[in-house]
Amino acid sequence: MVNQKIPIGKVLVLGLFVLGVSCFFYFDLGQYLTLVAIKESKDSLKIFTESHYDQAVILYVVVYALQTALSLPGGAILTLVGGFLFGSLFGTLYVNIGATAGATLAFLSARYLFRDLIEKKMGKRLESLQAGFSENSFYYLLTLRLIPLFPFFLVNLASGLTRIPIGTYVLGTALGIIPGSFVFSHAGSQLGTINTLKDIASPQVLGAFVLLGLLSLVPVAYRKFKTVSSIQG
């Protein structure tokens, strides 16, 4: 049996991912992404942002993109910070840019590293699933983004294993995360009144997200209904 060498590109991508995650936990960077830590440093963060607005925006977007690309914890806290530093609307905008960029990097990495391997292992068993998802990929992805029951990082990685076009992925992600980003950014603009993240993610808010996610599937249901009707007719 011939041994297949792993392409150097894949080794580098995987190595960067492992290095980034390892540094995060080794240096305990998660301690800075807690509600308590953010509240304690909110004054200094605000002063820096007001004095160096452009640099603060760039730094914030880059940090958010890295956090998302490496599938690290702290996304909700970073979104609150965005709302606190930049306001509800601009906070939502900068969150969207950072999260979409990071999610795209995670998507491309998963696709580059694992999709070919998964397709070879599963073969024809994966064909029908791939075909079904590709046909309505935008609406399915939009639903997954809108409903907070599905972990953000898991959707990023799982999507990379499908045949969804990158343009569709970017658009579905950018649109789908707007409601959640706005809710947390708006809450962040009133950071002093928040004691726990549960104060934001109330059952009513979660229910609204679920409803939005289900509504995004209406075009898919209509298309299937129309197809069945034409066959029966």
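Preceding block: the structure.
The numbering scheme is per chain: residues are counted from 1 as the chain's sequence reads. Reporting of local features is limited, given that this is a predicted model, to residues whose pLDDT is at least 70; pairs of side-chain atoms are given and counted only at 80 or more, and all residues count toward the totals for whole chains, interfaces and linings. Hydrogens and water molecules were not included; the side-chain quantities draw on all heavy atoms of the structure.

1. Remarks on the layout of surface pockets
In this approach the atoms are scanned with a rolling probe the size of a water molecule, which exposes any empty space left behind.
Working step 1: Here the largest pocket defines a volume of roughly 780 Å³.
Working step 2: Helix numbers and strand numbers start at the N terminus; a helix is a DSSP run of H or I with at least 4 residues, a strand a run of E with at least 2. Contributions of two or more residues to the lining of the largest pocket are made by helix H4 (53-69), helix H5 (75-86), helix H6 (88-122), helix H8 (137-146), helix H9 (152-160), helix H11 (178-188) and helix H12 (203-215).
Working step 3: Of the residues assigned to the lining of the largest pocket, the class counts are 21 nonpolar, 9 polar and 1 charged.
Working step 4: Here the term cavity refers to a set of points on a 1 Å grid, laid over the protein atoms alone, in which a 1.4 Å probe fits but cannot get out; the term pocket refers to an open set having protein on both sides within 12 Å along at least five of seven lines, with lining residues being those that place an atom within 4 Å of a point. Grid points are joined across faces, edges and corners, and a volume is the space filled by probe spheres set on the points. Within this model, the second largest pocket holds a volume of roughly 400 Å³.
Working step 5: Lining the second largest pocket are 12 residues; nearest its centre among them are Ile6, Pro7, Lys10, Leu113 and Leu117.
Working step 6: We call Asp, Glu, Lys and Arg charged. Ala, Val, Leu, Ile, Met, Phe, Trp, Tyr, Cys and Pro are nonpolar, and the rest, Gly among them, are polar. Residues of the lining of the second largest pocket, tallied by class, amount to 7 nonpolar, 1 polar and 4 charged.

2. Re a nonpolar patch on the surface
Working step 1: Where nonpolar side chains cluster on the molecular surface, the patch consists of Tyr53, Leu89, Phe90, Leu93, Ile97 and Phe182 and spans about 590 Å² of accessible area.
Working step 2: Per-element tally for the nonpolar patch: the top contributor is H6, with 4 residues.
Working step 3: Within the element layout of this structure, Phe90 appears in helix H6. Candidates for patches are residues over 30% relative accessible area with no salt bridge; among them, like charges are joined within 9 Å and nonpolar side chains (Val, Leu, Ile, Met, Phe, Trp, Tyr) within 5 Å. Accessible surface is estimated by sampling points in the Shrake-Rupley manner with a 1.4 Å probe; for residues, cover comes only from the protein chains shown. What makes a salt bridge here is a side-chain nitrogen of Lys or Arg within 4 Å of a carboxyl oxygen of Asp or Glu, nothing more.

3. Section: the pattern of salt bridges
Working step 1: Tallied over the full model, the rule gives 1 salt bridge.
Working step 2: Here Lys42 and Asp43 are joined by a salt bridge, their closest N and O atoms 3.7 Å apart.
Working step 3: For Lys42, a relative accessible area of 26% translates into the label partly exposed. Remark: exposure states derive from per-residue accessible area (1.4 Å probe, protein chains only) relative to the maximum for the residue type, with buried under 20%, exposed over 50%, and partly exposed in between.

4. So, the environment of Gly176
Working step 1: By the secondary structure assignment, Gly176 is in helix H10 (residues 166-176).
Working step 2: Considering only alpha carbons, one finds Gly176 and Leu144, 32 residues apart in sequence, at a separation of 8.0 Å.
Working step 3: Contacts are residue-level and defined by heavy atoms, with any inter-residue pair within 4.5 Å sufficient. Other than its neighbours up to four places away in sequence, Gly176 contacts Leu142, Arg145 and Leu146.

5. So, the nonpolar core
Working step 1: Only buried Ala, Val, Leu, Ile, Met, Phe, Trp, Tyr and Cys residues count toward a nonpolar core, and they belong to the same one when joined by side-chain atoms within 4.5 Å. If you look at the biggest cluster of nonpolar residues, it comprises 23 residues, and the most contacted ones within it are Tyr60, Leu80 and Phe86.
Working step 2: Looking at this core, the elements with two or more residues in it are helix H2 (35-40), H4, H5, H6 and H11.
Working step 3: The dominant element in this core, judged by the number of residues it contributes, is H5, at 7 residues.
Working step 4: The residues touching Leu80, leaving out its near neighbours within four places in the chain, are Leu35, Phe184, Ala187, Gly188, Ile194, Leu197 and Ile200.
Working step 5: In this structure, Ala103, Phe133, Leu141 and Tyr169 belong to the second largest nonpolar core, which totals 7 residues.

6. Things to note about H6
Working step 1: How far a helix is expected to stretch is found by multiplying one less than its residue total by 1.5 Å. Counted at 1.5 Å a residue, the expected span for H6 with its 35 residues is 51 Å, but the 45 Å between its end C-alpha atoms falls short.
Working step 2: A maximum bend of about 50° is found in H6 at Phe114. We define the bend at each residue as the angle formed by axes fitted to the 7 residues ending at it and the 7 residues starting at it.

7. Some details on the packing of helix H3 (residues 42-51) against H5
Working step 1: Remark: H3 packs on H5, axes separated minimally by 10 Å, with the N-to-C direction vectors making an angle of 55°. Classified by the interaxial angle, the pair formed by H3 and H5 is oblique. In the packing of H3 onto H5, the handedness of the crossing is right-handed. Contact residues: Lys42, Leu45, Lys46 and Thr49 in H3; Phe84, Leu85 and Phe86 in H5.
Working step 2: Among the residues forming the contact of H3 with H5, the class breakdown is 4 nonpolar, 1 polar and 2 charged. Axes here mean lines fitted to C-alpha atoms, for a helix over just the part in contact, with angles spanning 0 to 180 degrees between N-to-C directions. Each angle receives one of four descriptions, namely roughly parallel if under 35 degrees, roughly antiparallel if over 145, roughly perpendicular if within 65 to 115, and oblique otherwise. Crossing handedness follows the turn of the near helix against the far one: under a right angle anticlockwise gives a left-handed crossing, and clockwise gives a right-handed one.

8. A look at unusual backbone geometry
Working step 1: A positive phi angle is found at Asp28, which is not glycine, with a value near 55°.
Working step 2: Position of Asp28 among the secondary structure elements: in the loop between helix H1 (8-26) and H2.
Working step 3: With phi around 55°, Ser71 is a residue other than glycine that occupies positive phi space.
Working step 4: By the element assignment, Ser71 lies in the loop between H4 and H5.

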